[in-house]
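Listed here are the chains, written in short residue letters.
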Amino acid sequence: MQAQLSSAAGAFPKQNHVDFYTAATGITIVLGIGLRLFHYFYNRSLWTDEIYLSAGIVDMSFSELLSKPLPYMQKAPVGYLLISHLFVVLFGNNEMALRLYSLLTSIAALFLFVPVARYFLEPLGVFIALALVAISSPIIHHSVEAKPYGADLFTTVFILWLYVRYHHETSIKKLLIWGLGGSLAVWLSYPSIFVLVGIACATGIYYLVKGNWGKIFRLLIPFGMWLLSFVLSYLLFAKEGSDAGWLVYFFVKFDGYFPLQPVSGVTWAARKIFAFFHYPLGLTWVNDLGNHTHTQRFIQRMTIVPLILSCLGALYFFKRDQKYLLLFGATVLIAFVASSLRLYPFYERMTVFLAPLVALLLAAGSEYASNKRPVGKYFGYGLTVLLLLGLVKNTIANTITPYLIGGYKMSYYRDALQYVNSNYREGDAVYVYWNAVAGYKYYKAADALKFTGVLGEDYRHEVRSYPDFFARIDADFTALPNKNRAWIIYSSMDMNQGDYAGEPAWYYNGHDFREGYGVDRFAQHLVQVGKVIDTYTPADGNKKNDAHVQLMRLK
């Protein structure tokens, strides 16, 4: 049965109180769709990771996507690849076609999340849970990104919808439908298996405690179908390349895996929980934290508010729907176990799929506090306002200044290359530095650029010092057909796909690759070997563009 709490109508009669939140829920859906469409039609350039994945989606056929590895050592659910390729076939090789699947699934998730939230929560909680999913800036960003993370969120909502629709059913037909739905999910989203296992654990434990063996045996029908579908998906498509050493090393280096030591494991889990409120939920009050300590970040991001509401939400479900508490806990635990085994990193965008589950928990906390009379409800309303304040602030800021929503993922590859295309003169030389080759190749084909660049080699692993490295680059410059007008195109990306982060050591000189130390050294070298005639600058005023163009007169 759906969990229900007594309603605290406040100054409104009960019916008006419900109608108010129903209207607010509808407005939130419209707002969520509007924000997604705004950023979709803003149509920013593909960023590096999108380009890597899109290269395979664009260049490979349906049969090749099913039978061959993707270029640039990429991995994605086969369902995502096939549907995205279909949209490219239908609408052409462009950013909007590549992002259409993410957009459509994100909009569908909003509608599907409403009956899910209504199953667990009263109208106030439904509104809060929906707001967290609908207007979170990181979630909106992934909703219009040519990557599968936004679709992961939709798949979680879809699985939850199947759960609230079918977990009480006993007929074989309904259980088969549930099994088919969950089986489909694992082909659309890698982390969907964590949610499915969480559901299996929660319902299995619940009926085991009740001694309802008949129900448990019937549940083996959908659970067995999910397991079989996952095994087939993993063996046929997901397994190959999933343990790539460079990728595992990357997530080890950047704290993506759960450590197996007790103390460090607890502190790691605490950091991940606090970070989750910032990303992907977007609840942060202060985004630019510099080199502040974890304690300072905890205070500046007002982490105490979602932390309190999470505890209250756990209390809510403990009293009203322990199966959901088991479902939530089992899903997170399985994700942590997979992380500890280095099978799936618990890292930033890889955790977007958990957002609906946490949104329900936070909304339940607000619901629980707001139903305490007489003083408690004002405390609950106050916490709710504080919870949503950072969310709304960030959304407004990212709508007024759209480039903020992507953070470091905001890209200008297309704009920079179009700048060269517009100002290119017959006979000009174009040199594409090694870290911009993937972006150049994609947009050369997609936008039919009229110039052809000389592709620079990545010499970092062939030499052992900057003097030797730049000697190789200078030799490339010398061979250019026109040194009086040479366009130099390079990226802020300081690592190639397949690199072990921080190697070769001489190149990074003790710096994190995200600092761009090697790129800065290259920019300084350009000033030494020539005179800058023209420079590309983003029209939107962003000073942190990732694609750089300089027209130079080389010595």
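Structure shown above.
Here's what I pulled together on the structure shown here. (Residues numbered from 1 in each chain as written. Predicted model: local features only at pLDDT ≥ 70, side-chain atom pairs only at ≥ 80, totals over all residues. Heavy atoms only, no water.)

Describing the nonpolar core
In globular proteins that are soluble, nonpolar side chains generally tend to be buried together.
At step 1: Residues Phe120, Trp178, Leu360, Phe469 and Phe477 are the most contacted members of the largest nonpolar core, which totals 174 residues.
At step 2: A per-element tally of this core places helix α5 (residues 95-120) first, with 14 residues.
At step 3: Contact partners of phenylalanine 469, with chain neighbours within four places excluded, come to Tyr433, Trp434, Tyr459, Arg460, Val463, Trp506 and Tyr507. (Core = buried A, V, L, I, M, F, W, Y, C linked by side-chain atoms within 4.5 Å. Buried < 20%, exposed > 50% of the residue type's maximum accessible area, 1.4 Å probe, protein only. Helix = DSSP H or I, 4+ residues; strand = E, 2+ residues; numbered from the N terminus. Contact = heavy atoms within 4.5 Å.)

Here's the deal with the side chain of serine 192
At step 1: Tracing the backbone shows serine 192 in helix α10 (residues 192-210).
At step 2: One polar contact links the side chain of serine 192 to the main-chain carbonyl oxygen of serine 189, over a distance of 2.6 Å.
At step 3: When sequence neighbours within four positions are dropped, the list of residues in contact with serine 192 reads Thr155, Ile159, Ala185 and Val186. (Polar contact = N/O pair within 3.5 Å; in protein donor to acceptor, adjacent residues only side chain to side chain.)

What to know about unusual backbone geometry
At step 1: Going from tyrosine 279 to proline 280, the amide bond is cis rather than trans, its omega being 25°.
At step 2: Within the secondary structure, proline 280 is located in the loop between α13 (262-278) and α14 (294-300).
At step 3: Cis geometry is found at the peptide bond from glutamate 503 to proline 504, where omega equals 5°.
At step 4: Note that proline 504 resides in the loop between β3 (486-491) and α22 (505-508).

Describing the packing of α5 against helix α8 (residues 149-166)
At step 1: At a minimum axis separation of 8 Å, α5 and α8 run at an interaxial angle of 30°. Like other packed secondary-structure pairs, α5 and α8 cross with a definite hand, here left-handed. Each of Tyr101, Thr105, Ala108, Ala109, Leu112, Phe113, Pro115, Val116, Tyr119 and Phe120 in α5 lies in contact with α8, whose residues at this interface are Ala151, Leu153, Phe154, Val157, Phe158, Leu160, Trp161, Tyr163 and Val164. (Axes fitted to C-alpha atoms, helices over the stretch in contact; angles between N-to-C directions. Left-handed = near helix turned anticlockwise from the far one by under 90°.)

Focus: a nonpolar patch on the surface
At step 1: On the surface, Phe62, Leu86, Val89, Leu90 and Phe91 cluster together into a nonpolar patch covering about 480 Å² of accessible area.
At step 2: Among the elements that make up the nonpolar patch, the one with the highest residue count is helix α4 (residues 78-91) (4 residues).
At step 3: Position of valine 89 among the secondary structure elements: in helix α4. (Patch = residues over 30% accessible without salt bridge, like charges linked within 9 Å, V, L, I, M, F, W, Y side chains within 5 Å. Areas by Shrake-Rupley, 256 points an atom, 1.4 Å probe, with all protein chains shown as cover. Salt bridge = Lys/Arg side-chain N within 4 Å of Asp/Glu carboxyl O.)

Structural notes on the layout of surface pockets
At step 1: What the second largest pocket holds in volume is close to 310 Å³.
At step 2: Around the second largest pocket, the lining is made up of 16 residues, and of these Ile273, Phe328, Val332, Val358 and Leu361 lie nearest the centre.
At step 3: When residues of the lining of the second largest pocket are traced back to their parent elements, those giving at least two are α13, α15 (304-320), α16 (322-340) and α17 (355-370).
At step 4: Looking at the lining of the second largest pocket, the element that brings in the most residues is α13, giving 5 residues.
At step 5: Broken down by class, the residue content of the lining of the second largest pocket amounts to 13 nonpolar, 2 polar and 1 charged. (1 Å grid on protein atoms, 1.4 Å probe; cavity = no way out; pocket = protein on both sides within 12 Å on 5 of 7 lines; lining within 4 Å. Points joined across faces, edges and corners; volume = space filled by probe spheres on them. Nonpolar A, V, L, I, M, F, W, Y, C, P; charged D, E, K, R; others polar.)

Some points on α5
At step 1: Its 26 residues give α5 an end-to-end C-alpha distance of 38 Å, which sits within 8% of 38 Å, the value for a rise of 1.5 Å per residue.
At step 2: At tyrosine 101, α5 shows its maximal bend, which comes to roughly 35°.
At step 3: Of all the 26 residues making up α5, 20 are buried; the element is thus mostly covered by neighbouring parts of the structure.
At step 4: For α5, the capping residue at the N-terminal end is asparagine 94, with a side-chain oxygen 3.2 Å from the backbone nitrogen of methionine 96. (Expected span 1.5 Å × (residues − 1). Bend = angle between axes of the 7 residues up to and from the residue.)

Notes on the pairing of strand β5 (residues 547-554)
At step 1: In terms of residue burial, β5 counts as a mostly covered element, since 7 of its 8 residues are buried.
At step 2: One ladder, built from 5 bridges, connects strand β4 (residues 530-535) with β5; its direction is antiparallel. For glycine 530, the partnering residue across the bridge sits in β5 and is leucine 554. (Pairing = 2+ DSSP bridges.)

Topic: the packing of aromatic side chains
At step 1: Applying the stated rule across the entire model yields 56 aromatic pairs.
At step 2: Look at tryptophan 506 and tyrosine 507: their rings are 5.7 Å apart centre to centre, the planes differ by 90°, and that puts the pair in the edge-to-face class. Each member of the pair, tryptophan 506 as well as tyrosine 507, is classed as buried.
At step 3: Members of the aromatic cluster, each reached through a chain of ring pairs, are Tyr466, Phe469, Phe470, Trp506, Tyr507, Tyr508 and Tyr517.
At step 4: Across the ring face of tyrosine 206, the terminal group of lysine 323 is positioned such that the distance to the ring centre comes to 4.6 Å.
At step 5: Stacked on the ring of tyrosine 507, the Lys or Arg arginine 460 has its end atom at 5.3 Å from the ring centre. (Phe/Tyr/Trp six-rings, centres within 6.5 Å; stacked < 30°, edge-to-face > 60°. Lys NZ or Arg CZ within 6 Å of the ring centre and 35° of its normal.)

Things to note about the environment of glycine 265
At step 1: Along the chain, the position of glycine 265 falls in helix α13.
At step 2: Residue classification places glycine 265 among the buried positions, given a relative accessible area of 3%.
At step 3: Expressed as a C-alpha distance, the spacing of glycine 265 and tyrosine 207, which sit 58 residues apart in the sequence, is 31 Å.
At step 4: Ignoring any residue separated from it by four or fewer positions in sequence, one finds glycine 265 in contact with Phe258 and Pro259.

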